[in-house]
Every structure is written in structure tokens, then in C-alpha cells.
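Now for the letters of each chain:
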Amino acid sequence: MSSENLPQSPEKQLRKPRVAVVFGGRSSEHGISVVTAGAVLRAIDRTKYDVLPIGITTDGRWALTADEPERMAISDRRTPSVDELAVSPDGGVVLPVDPGSREVVYSEPGMVPKALGEVDVVFPMLHGPYGEDGTLQGLLELSGIPYVGAGVLASAVGQDKEYMKRVFTSFGLPVGPYLVVRPREWEQDEKGARQRIADFAGEHGWPLFIKPSRAGSSFGITKVDSFEGLDEAIAEARRHDPKFLVESLLRGREIECGVLEFEDGPRASVPAEIPPVTAHEFYDFEAKYIDSAAGIVPAPIGEEATAEVQRLAVEAFEAASCEGLVRADFFLQDNGEFVINEINTMPGFTPISMYPRMWQESGVEYADLVDKLIQAALRRSTGLR
């Protein structure tokens, strides 16, 4: 008989669900993940949930951290780190490997391991590889612990821009022109790869965007206007990911739309528009998180276009088999048609992030949004579903 079917003690029946907020991670988005987690920790209703903050350092150590969200904010244009928040420089948190137990253990060298209690749901506030890409989700599936957001497949698809576009194309969603350069091609036939990029530029024109295939928060993206800037742009993209994409410039308005899973299925928020950022080449990391570029919510695009982008956002959510939440990013072209740029299966939750702003304008306040995501995760089981 599994432990789930055993009678529960009155204490276990009465205790509040425990939410482990996991953040940080090994990707270049470590700092933004910490900032995002700070906002979530501030918003979780402590009368309804117990909270266990767990940070992952840049070298992969799972650390017990202080529950001090006020220390988890951008300060002097600098993002915080898990090492600054860890209660010990050597201690480690271990998740259960037995699906019949959800007991989390904390240990330090030379000390007896300490049980931290059971975790009912994980809120993974991780961005980028080793967290948002299905790797953490796979670990939680093996542990039998429910978690907020997309599962293994959807997380992997949402992280890899190449396969995201392939999935969207197979479902008939409109995507812009792109070219993929894989690591082996670049390493074994750099001349041939350059020729393919030259042919792509000849067909679609300059400027081009060079992007890491599996990174987020606009890290590693460079806009290049000619061959002279290509080498530096490729090096910057490959610094984040050995596989990179080449995309043509899509002229149009940048429109975002949030999708949230309710009990009766996914629904779309009002859309937002990202206006042209005059101080930056495009909507890059600095514009998003440091200079706080202001999005327009709701986007002034009219009822018909609003309904269309909402429909496409939900279709993208379903096409990638997403769960919980997604932010879908589009270009509204001059001919009135939308092209989907990408989805983000764990969008930012910083105070200036577009996803919570769009839902606030749609009638779901920040704290209620966090609660809905936790409740959706608690309704789901792990495993095939």
C-alpha cells in the first residue's frame, strides 16, 4: 500500500500545505531568478501556506536560504545571488528520491542531517537551462512532488527556440524566418555555416538577430547590421549556448499575452505592447530589468486584434502541452497579421514583469495569481497525465 493511501494523522490533516520556492540556478539568469523568487515570497499568503525557500547556487549546490525577500532585489544595477542568502556556505538540501516520501533533508559537513518536513508542492522560479528546460521538472517527477508550471516536455520545448518553432509550425502557428546553426556544424564546417548565414541574409536582408537557442531574458542576443558584426555576435551567442539561431528582422509592434491555467482550462489575459526602446537596440536585458522599459497594458490594438492574439496565445499553450502558465510573445505586422516569436514557460515575476501586469489588468491581482498557480499544481499529480 502506498503512503498516499494510509490514514493520515490529525496533525498532517490539519497542517498547511508547504510550498518550496526554488530559485537561483546554474544558468546566466541566476540573478533574475533570485529577484523573481523574492517577489513571489512576498506574495505568498503565509496564513494559507508554509514556505521553504531553497536556492541553487551557480555551481549547483542546493542551499537552505533565509526567508528575507527584501534582500532579493536589484540594487545599484546589480542582481542578488543565492550565495548571499544561504544560511551556510557548505550546507545542502536534498529532495527525496522515494516517491512515497516528500521529506526534505538538510545537512552540513560534520553534523547530523536534519529533517525539514514534507513538501507538498514546489514553485520553481528558475529561468534558463538547468531549471526551466525540463531538467528540474524531471527530478521532481522522479521525486513524486507536484510543481508549478510546465512539465518535462513543454519545459524543454519552451526553452529550445529551434524546437519551439518546429512545434508551432507543425500546429499551423505563424513563425518568422530563421536559421539554426548547431554545434557540430560550426565546429566542423564553419565556412559552410557562414555561407548559409550569408545566403539567409541575401534572402531576408539585414539586420539579423543572432540568438542562443536555449537562453532567456534576452541574454546573448545581438542585432547585427552587416557581416562586420557577425563574428562578435556569434561568439556572444555561443558564450551562452553552442547552438544558435539567426533570425530576420520582423517589422511590427511587439505584443505579449499571458496564459493562465484555471480549473476549466487555460485562459488568456489582456495583451500588452512593448513600445520601441529608444535607449537600446531592442528589448534586451538592460531594457527589461535595469532600465525598466514600460509596457503598455492593455495593448491599444483594438478588439479584433486582441481576440486574435488571445486565441493564438492559448493555441501556443496547447501546442506545446504547457501547464500552469505561459507568456507568449508576438509581432503584429503592418498587414495586421500576428507572428509568434516565442513562449516563456516560466516568465519573470519581478515587480515590473509583464506577465503579472497583464493579469492584474485582467482582474487577477498578484497574490491571487501566485495562489492560483499553487492551487493548479496541487490539483495535478506527477507522472503521465
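Our structure's up above, just so we're on the same page.
Residues numbered from 1 in each chain as written. Predicted model: local features only at pLDDT ≥ 70, side-chain atom pairs only at ≥ 80, totals over all residues. Heavy atoms only, no water.

Visitor: Run through the packing of helix 5 (residues 152-159) against helix 6 (residues 161-170), naming residues and quoting values.
Guide: Interaxial distance between helix 5 and helix 6 falls to 5 Å at its minimum, and their mutual angle equals 105°. As judged from the angle between their axes, helix 5 and helix 6 are roughly perpendicular. In this structure, helix 5 uses Val157, Gly158 and Gln159 to contact helix 6, whose residues at the interface are Lys161, Tyr163, Met164 and Val167. Partitioned by chemical class, the residues of the contact of helix 5 with helix 6 number four nonpolar, two polar and one charged. (Axes fitted to C-alpha atoms, helices over the stretch in contact; angles between N-to-C directions. Helix = DSSP H or I, 4+ residues; strand = E, 2+ residues; numbered from the N terminus. Parallel < 35°, antiparallel > 145°, perpendicular 65-115°, else oblique. Contact = heavy atoms within 4.5 Å. Nonpolar A, V, L, I, M, F, W, Y, C, P; charged D, E, K, R; others polar.)

Visitor: Account for the pattern of salt bridges, with residues named and values stated.
Guide: Evaluated as defined, the whole model comprises 30 salt bridges. A salt bridge links Lys243 to Asp160; its shortest N-O distance comes to 2.9 Å. Here Asp160 lies in the loop between helix 5 and helix 6 and Lys243 lies in the loop between helix 9 (230-240) and strand 11 (244-248), a separation of 83 residues in the sequence. On the basis of relative accessibility, which here comes to 5%, the residue Lys243 falls in the buried class. Judged by relative accessible area, Asp160 falls into the buried class, the value being 9%. Here the salt bridges share partners, and the residues they tie into one network are Glu141, Glu261, Glu323, Arg380 and Arg385. (Salt bridge = Lys/Arg side-chain N within 4 Å of Asp/Glu carboxyl O. Buried < 20%, exposed > 50% of the residue type's maximum accessible area, 1.4 Å probe, protein only.)

Visitor: An account of the sheet that holds strand 6 (residues 114-118) is needed here, citing residue identities and associated values.
Guide: Reading across the sheet, the three strands line up as 4-5-6 and stay open at both edges, with antiparallel pairing between neighbours. Where the open sheet ends on each side, the last strands, each with one partner, are strand 4 (92-94) and strand 6. For this sheet, the mean angle separating the axes of adjacent strands, direction not counted, is 25°. As judged from the three bridges shared by strand 4 and strand 5 (residues 103-107), these two strands associate in the antiparallel manner. When the sheet's bridge partners are listed, Val93 is paired in strand 5 with Tyr106. (Pairing = 2+ DSSP bridges.)

Visitor: Could you give me a rundown of the pairing of strand 2 (residues 50-56), with the residues and numbers involved?
Guide: Among the seven residues in strand 2, six count as buried, and that is most of the element. Bridge analysis of strand 1 (residues 18-24) against strand 2 gives seven bridges, and the strand direction is parallel. Counted as the bridge partner of Val22 is Ile54 from strand 2. With helix 2 (residues 30-43) bridging strand 1 and the parallel strand 2, this β-α-β connection has right-handed handedness. Both strand 2 and strand 3 (residues 62-64) contribute to a ladder of three bridges, which runs antiparallel. By the bridge assignment, Gly55 is partnered in strand 3 with Ala63. (Right-handed = clockwise from strand over helix to strand, strands pointing away.)

Visitor: I'd like a description of the nonpolar core, backed by residues and values.
Guide: Among the nonpolar cores identified, the biggest contains 33 residues, and Val21, Phe23, Ile44, Phe123, Met125 and Phe349 are the most heavily contacted of them. When residues of this core are traced back to their parent elements, those giving at least two are strand 1, helix 2, helix 3 (82-85), strand 7 (121-125), strand 12 (252-262), helix 12 (354-361) and helix 13 (366-379). When sequence neighbours within four positions are dropped, the list of residues in contact with Ile44 reads Val19, Val21, Tyr49, Val51, Val370 and Ile374. Counting residues in each nonpolar core, the second largest holds 28 residues, with Val309, Ala319, Ala328 and Phe338 among its members. (Core = buried A, V, L, I, M, F, W, Y, C linked by side-chain atoms within 4.5 Å.)

Visitor: Please give an account of the sheet that holds strand 7 that cites residues and values.
Guide: Across the sheet, which stays open at both edges, the four strands sit in the order 3-2-1-7 with mixed pairing between neighbours. Each edge of the sheet is formed by a strand with only one pairing partner; in this case those strands are strand 3 and strand 7. Each strand of the sheet is rotated relative to its neighbour by a mean of 30°, with strand direction disregarded. Along the sheet, helix 2 contacts strand 1, strand 2 and strand 7; its crossing angle with strand 1, the most-contacted strand, is approximately 155°.

Visitor: Any chance you could break down the packing of aromatic side chains for me, citing the residues and the numbers?
Guide: This model, assessed by the stated rule, comprises six aromatic pairs. Ring geometry for Trp206 versus Phe227: centroids 4.9 Å apart, planes at 75°, classification edge-to-face. Taken together, the residues span a long stretch of sequence, with Trp206 in the loop between helix 8 (190-204) and strand 9 (208-212) and Phe227 in the loop between strand 10 (222-224) and helix 9 at a distance of 21 residues. Judged by relative accessible area, which is 46%, Phe227 ranks as partly exposed. Counting every residue linked through ring pairs, the aromatic cluster contains Phe349, Tyr355 and Tyr366. For Arg26, the ring lying beneath its charged end belongs to Tyr130, and the centroid distance is 4.0 Å. A cation over a ring is seen here: Arg267 above Phe262, with NZ or CZ 3.9 Å from the ring centre. (Phe/Tyr/Trp six-rings, centres within 6.5 Å; stacked < 30°, edge-to-face > 60°. Lys NZ or Arg CZ within 6 Å of the ring centre and 35° of its normal.)

Visitor: Could you give an account of helix 5, naming the residues involved and the relevant values?
Guide: Looking only at helix 5, the buried set comprises Ala154, Ser155, Val157, Gly158 and Gln159. Among the structural elements, helix 4 (135-143), helix 6 and strand 16 (338-344) are those in contact with the buried residues of helix 5.

Visitor: Tell me what's going on with the environment of Arg18, and back it up with residues and numbers.
Guide: Looking at the element boundaries, Arg18 is found in strand 1. Taking the C-alpha atoms as reference points, Arg18 and Pro129, 111 residues apart in sequence, are found 26 Å from one another. Apart from residues lying up to four places away in sequence, Arg18 is in contact with Asp50, Leu52, Leu116, Gly117, Glu118, Val119, Asp120 and Val121.

Visitor: Explain the environment of Arg71 residue by residue, including any values.
Guide: Its location among the elements puts Arg71 in the loop between strand 3 and helix 3. With 89 residues separating them along the chain, Arg71 and Asp160 place their C-alpha atoms 32 Å apart. With sequence-adjacent residues up to four places away left out, Arg71 is seen in contact with Ala66, Pro80, Glu84 and Leu85.

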